[in-house]
Amino acid sequence: MSNSPDELTAVDRVERASSRKGFIALGVIAVLAVIVVSFFLQVSRINRPVDYANDSDYFKYGSIGSDVQGVPYWVFRAMPDICPADLPGGFASLGVIQEPGMPTPIGFSMRRVGPVDIVGPNCGLCHTATVRAAVGSQPMIYTMAPAHQLNLMGYFKFLFACGRSPNFTAGNILNAISKYTSLSLIDRLTYRFLVVPQLRTALIEKGRKFDSITANRPEWGPGRVDTFNPYKVLVFNLDMKNDTSIGTARFMSVWNQAVQEGIWHHWDGNNDSLDERNFSAAIGAGVTLNPPSFDDKGLERIKQWLMYQQAPAYPFPIDLALAARGKPIYGKECASCHDPSGEHFGTVTPIARLGTDPERMLAFDKAMAARMNTIGAGYPWGFHRFRSTNGYANHALEGIWLRAPYLHNGSVPTLDALLRPVSQRPETFYAGNDVYDQKHVGFVSDQPTGNGRTFQLFDTHQKGNSNAGHVYGATLSDDDRQALLEYLKTL
């Protein structure tokens, strides 16, 4: 016979109460699960980039498709707080440009993917520069210019170091996010059980691959990137253990693309298709291939906007009389290769004649060209115009004042140094400063720190960093060199 309620022991009552609480807890969990599943069913098909009415803003902040599998926005905001030891000074210490009132720095687009806002790099990250007239002055921002101040390698190293850090936990991340926004219960559950674990796994895996790409190679340093070696690991899954190639080169300007149509692109002139150049750059920025995540509309919009955008004018005083004296010197020393009307414009000058560092050219050999031409097979945009060359391409000098440091590997800090014999060029200098050197035409390169940043020492003795070659103009008199420098400011 069962006991009446009055005859239950204290233990029996506790056990039954605990059982009821357990059923209630299970019921709550079940209800929450239904809510979460319903929520995800509603939002799982959302894939919507943030749009911008202004083309210049779209270049700086619009999507090219790398944000489909980027970093969740609120985690991106919080990471410098989570891992401060890995990034003293925050993103600004890397030369990333933050405009007032914008949710992301220049060069990062945002897209709503399912229930989460995702950010990823775009064209503006590597092609927007800052220039200061003096230490402490407000920076002038120039889109389409090489981002000479940007330490892109430092950005990736920070992401992967933070992803590996014991600080990278859901609890720490949610606490850090709470400084910037208040997440809903469902969002908090999403971040705790899905977003953070998946992101940590991805960062650790991509960090391992990044380490294999950069091992035993000089730092990229500000304003530079190894353009094609990452493809070997990230796209073609090659083992870099015995690969000693160095493909590091500085960022290029991207204004006035109309003059680039039909000529050979990239530093070594390895492709003559603007579309293939643009799509390969998008892959380098993080667009995925399986399946392709290109934002076709965004890429075409950027392409059309860049076609006729002119290089920015030199923002400081120019001695026009002296510049006029320099124009015929330009015609004699530079125009045949660098003027659109020149005989050799858009062609490749053999390394045997040019004499500059060969590593970037050697890194893109025939085998690499053949691999690149397999990308996109079966798609309308599939690559087929890549080739290997024996030198470096001759490009226009528009806005050359803003394209320091010089040569393909950024090994010469100023135009004045470039127009001198190799023995008179600096063997080491600091890269990344945005204070302009009006006298020598380039950026200040003899200071290790400035404007709250620490700059990186560039050593021309390291493999891939040679400052030799391109000795055109090296025998000019001091007066003629000054006249040519003044004219180059006008381009």
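Just so it is clear, the structure is predicted and the values come from calculations on it, not from any experiment.

Parameters and conventions
- Residues numbered from 1 in each chain as written.
- Predicted model: local features only at pLDDT ≥ 70, side-chain atom pairs only at ≥ 80, totals over all residues.
- Heavy atoms only, no water.
- Helix = DSSP H or I, 4+ residues; strand = E, 2+ residues; numbered from the N terminus.
- Buried < 20%, exposed > 50% of the residue type's maximum accessible area, 1.4 Å probe, protein only.
- Contact = heavy atoms within 4.5 Å.
- Areas by Shrake-Rupley, 256 points an atom, 1.4 Å probe, with all protein chains shown as cover.
- Lys, Arg positive; Asp, Glu negative; His and termini not counted.
- Charge placed at Lys NZ, Arg CZ, Asp CG, Glu CD.
- Polar contact = N/O pair within 3.5 Å; in protein donor to acceptor, adjacent residues only side chain to side chain.
- Disulfide = S-S within 2.5 Å.
- 1 Å grid on protein atoms, 1.4 Å probe; cavity = no way out; pocket = protein on both sides within 12 Å on 5 of 7 lines; lining within 4 Å.
- Points joined across faces, edges and corners; volume = space filled by probe spheres on them.
- Nonpolar A, V, L, I, M, F, W, Y, C, P; charged D, E, K, R; others polar.
- Expected span 1.5 Å × (residues − 1).
- Core = buried A, V, L, I, M, F, W, Y, C linked by side-chain atoms within 4.5 Å.

## Brief notes about the overall build of the chain
- When helices and strands are counted, the chain shows 17 helices and 16 strands.
- Taken across its 491 residues, the chain has 52% of its residues classed as buried.
- Counting only contacts in the chain whose residues sit at least 6 apart along the sequence, the fraction spanning at least 24 positions is 73%.
- Put simply, the chain shows about 22,600 Å² of open surface, and 56% of that area lies on carbon and sulfur atoms.
- Considering the chain, the positive charge centre built from 46 side chains and the negative charge centre built from 45 side chains are found 4 Å apart.

## Looking at the environment of Arg-111
- Positionally, Arg-111 belongs in strand β3 (residues 108-113).
- The exposure class assigned to Arg-111 is buried, which follows from its relative accessible area of 5%.
- The spatial distance from the C-alpha of Arg-111 to the C-alpha of Tyr-73 is 9.0 Å, given a sequence separation of 38 residues.
- If near-sequence neighbours (up to four positions away) are discounted, Arg-111 is found in contact with Asn-47, Arg-48, Pro-49, Val-50, Ser-63, Gly-65, Asp-67, Val-68, Val-116, Asp-117, Ile-118 and Asp-295.
- At 2.8 Å, the side chain of Arg-111 forms a polar contact with the side chain of Asp-67.

## Considerations on the state of the cysteines
- What the rule picks out here adds up to one disulfide.
- The disulfide bridge from Cys-83 ends at Cys-162, spanning 2.2 Å between sulfur atoms. Here Cys-83 and Cys-162 share a disulfide; its torsion about the S-S bond, 75°, makes the bridge right-handed. Linking Cys-83 in the loop between α3 (73-82) and β3 with Cys-162 in helix α5 (residues 152-164), this pair joins segments that are 79 residues apart in sequence.

## So, the side chain of Ser-411
- By the element assignment, Ser-411 lies in the loop between β10 (391-393) and α16 (415-418).
- Overall, the relative accessible area of 0% leaves Ser-411 in the buried class.
- Only 2.8 Å separates the side chain of Ser-411 from the side chain of Asn-409, close enough to count as a polar contact.
- Not counting chain neighbours up to four residues away, the residues in contact with Ser-411 comprise Tyr-406, Phe-429, Phe-458, Thr-460, Asn-465, Ser-466 and Asn-467.

## Concerning the layout of surface pockets
- In this structure, the second largest pocket spans a volume of roughly 530 Å³.
- Put simply, the parts of the chain that give the lining of the second largest pocket at least two residues each are α11 (320-333), α12 (335-338), β10 and α16.
- It is α12 that contributes the most residues to the lining of the second largest pocket, three residues altogether.

## So, empty space enclosed by the protein
- Applying the stated criterion across every chain yields a total of four cavities of 30 Å³ or more.
- Counted as a void, the largest cavity has a volume near 90 Å³.
- Pro-405, Tyr-430, Ala-431, Gly-432 and Phe-443 are the residues nearest the centre of the largest cavity, which is lined by 13 residues in total.
- Considered as a void within the structure, the second largest cavity measures approximately 40 Å³ in volume.
- Together, Met-153, Ile-213, Thr-214, Arg-217, Pro-218, Trp-220, Asp-226 and Thr-248 line the second largest cavity.
- Across the lining of the second largest cavity, the residue classes tally to four nonpolar, two polar and two charged.

## What about helix α9 (residues 274-285)?
- The first and last C-alpha atoms of α9 sit 16 Å apart over 12 residues, in line with the 16 Å expected at 1.5 Å per residue.
- Among the 12 residues of α9, nine are classified as buried, and the element is accordingly described as predominantly covered.
- Where α9 terminates, the next one or two residues include Gly-286, which has phi positive at roughly 125°.

## Overview of the nonpolar core
- Judged by nonpolar contacts, the single largest core of 63 residues is most densely connected at Phe-294, Met-372, Ile-375 and Leu-402.
- A per-element tally of this core places helix α17 (residues 478-488) first, with five residues.
- Judged by nonpolar contacts, the second largest core, of 45 residues, contains Ala-78, Met-79, Ala-170 and Val-225.

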